[in-house]
Amino acid sequence: MNANIVDVLAKMINYEQGCPHRVNHFLKVHSFARIISEAEGLNSSEQYILEVAAAMHDCGIRASLLKHGHYNGKMQEEEGPAVADKMMLELGIDEAIRDRVRFLIGHHHTYTNIDGIDYRILVEADFLVNIYEDGLSADAIESVKEKYFITKKGREILISLYQTPNESGK
Ligand SMILES: [Fe+2]
């Protein structure tokens, strides 16, 4: 029996205490991942893996900061899986699920050899949030779209958010 995804999100909110920025980030990534995954028709196991990975994908940031005083994408990939595994064990999540989530967290900044729809959607959902949080230019957004966005729903959301004028024409 695996934990309810709400309990996974609540555990991550607790883990990221004092850092509303990172809580906001993973909640947004989780929501986009869920929306894209419903459109792509993932099976229940793939869906659960993706949602847990989306909730926990950046848990290596805090671990890197505590260990090294700073962090980068590589450190996050290195530190994240063990932290996530501890939380997943505490939540009673099965080994097969934990194994894939650890892999996804350990590779979520690596864009070569994306080997499954869960991985693909995690990358797209993280970009949908990072484009906004990092203030990417229009050119950079177009480049990210063409390089990394494969799913129909992921592309639709990117265009809707970042490549469609709003009510004031901007
Ligand atoms: Fe992220």
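Computed from a predicted model, the values in this text were never measured in an experiment.

Reading guide: rules and limits
Residues numbered from 1 in each chain as written. Predicted model: local features only at pLDDT ≥ 70, side-chain atom pairs only at ≥ 80, totals over all residues. Heavy atoms only, no water. Helix = DSSP H or I, 4+ residues; strand = E, 2+ residues; numbered from the N terminus. Rg over C-alpha atoms; globule rule 2.2 N^0.38 Å. Buried < 20%, exposed > 50% of the residue type's maximum accessible area, 1.4 Å probe, protein only. Contact = heavy atoms within 4.5 Å. Lys, Arg positive; Asp, Glu negative; His and termini not counted. Charge placed at Lys NZ, Arg CZ, Asp CG, Glu CD. 1 Å grid on protein atoms, 1.4 Å probe; cavity = no way out; pocket = protein on both sides within 12 Å on 5 of 7 lines; lining within 4 Å. Points joined across faces, edges and corners; volume = space filled by probe spheres on them. Nonpolar A, V, L, I, M, F, W, Y, C, P; charged D, E, K, R; others polar. Donors = N, O, S within 2.8 Å, 3.2 Å for Na, K, Ca; no water. Tetrahedral: all angles 85-135°; square planar, octahedral: opposite > 155°, others 65-115°. Disulfide = S-S within 2.5 Å. Axes fitted to C-alpha atoms, helices over the stretch in contact; angles between N-to-C directions. Parallel < 35°, antiparallel > 145°, perpendicular 65-115°, else oblique.

1. Topic: the overall build of the protein chain
Within the protein chain one finds nine helices and zero strands. Each helix and strand of the protein chain, placed in order from N terminus to C terminus, yields the pattern α-α-α-α-α-α-α-α-α. The globule rule puts the C-alpha radius of gyration for 170 residues at 15 Å, and the 16 Å found for the protein chain is close to it. The dimensions of the protein chain, computed from C-alpha atoms along their principal axes, are 50 × 40 × 30 Å. Going through the 170 residues of the protein chain one by one, you find that 48% of them count as buried. Across the protein chain, the fraction of contacts at a sequence separation of at least 24, relative to all contacts at a separation of at least 6, is 64%. Here the protein chain carries 18 positive and 26 negative side-chain charges, and the mean point of each set is 2 Å from the other.

2. Side note on the layout of surface pockets
Looking at the largest pocket, its volume works out to about 210 Å³. Together, His21, Arg22, His25, Asp58, Ile61, Tyr71, Gln76, His109, Asp126, Asn130, Glu133 and Asp134 line the largest pocket. The set of elements that each furnish at least two residues to the lining of the largest pocket consists of helix H2 (20–40) and helix H7 (117–133). Residue composition of the lining of the largest pocket, grouped by class: two nonpolar, five polar and five charged.

3. Side note on the coordination of the iron ion
Within the first shell, the iron ion binds the protein through His25 (NE2), His57 (NE2), Asp58 (OD) and Asp126 (OD), at distances of 2.2 to 2.3 Å. Coordination at the iron ion comes from four donor atoms whose angles at the metal span 85 to 172°, giving a geometry best classed as irregular. Asp58 sits in the buried class, given a relative accessible area of 11%.

4. So, the state of the cysteines
One pass over the structure, following the stated rule, counts zero disulfides. No disulfide involves Cys19; its nearest neighbouring cysteine sulfur is the one of Cys59, lying 13 Å away. Taking the relative accessible area as the measure of exposure, Cys19 reaches 16% and is therefore buried. Look at Cys59 and you get buried, because its relative accessible area is 0%.

5. So, the packing of helix H4 (residues 60–68) against helix H5 (residues 73–90)
Direction vectors running N to C along H4 and H5 enclose 105°, while the axes themselves pass 7 Å from each other. One finds that H4 runs roughly perpendicular with respect to H5. Here Gly60, Ile61, Ala63, Ser64, Lys67 and His68 of H4 lie close against H5, whose contacting residues are Met75, Gln76, Glu79, Gly80 and Val83. The residue inventory of the contact of H4 with H5, partitioned by class, reads four nonpolar, five polar and two charged.

6. As for empty space enclosed by the protein
Rolled over the atoms, a probe sized like a water molecule indicates the empty space that remains. Following the criterion strictly, the structure yields one cavity of 30 Å³ or more and no others. Volume-wise, the largest cavity comes out at about 40 Å³. The wall of the largest cavity is formed by Met12, Glu16, Arg22, His25, Phe26, Ala55, His57 and Asp58. It is H2 that contributes the most residues to the lining of the largest cavity, three residues altogether. Residues of the lining of the largest cavity, tallied by class, amount to three nonpolar, two polar and three charged.

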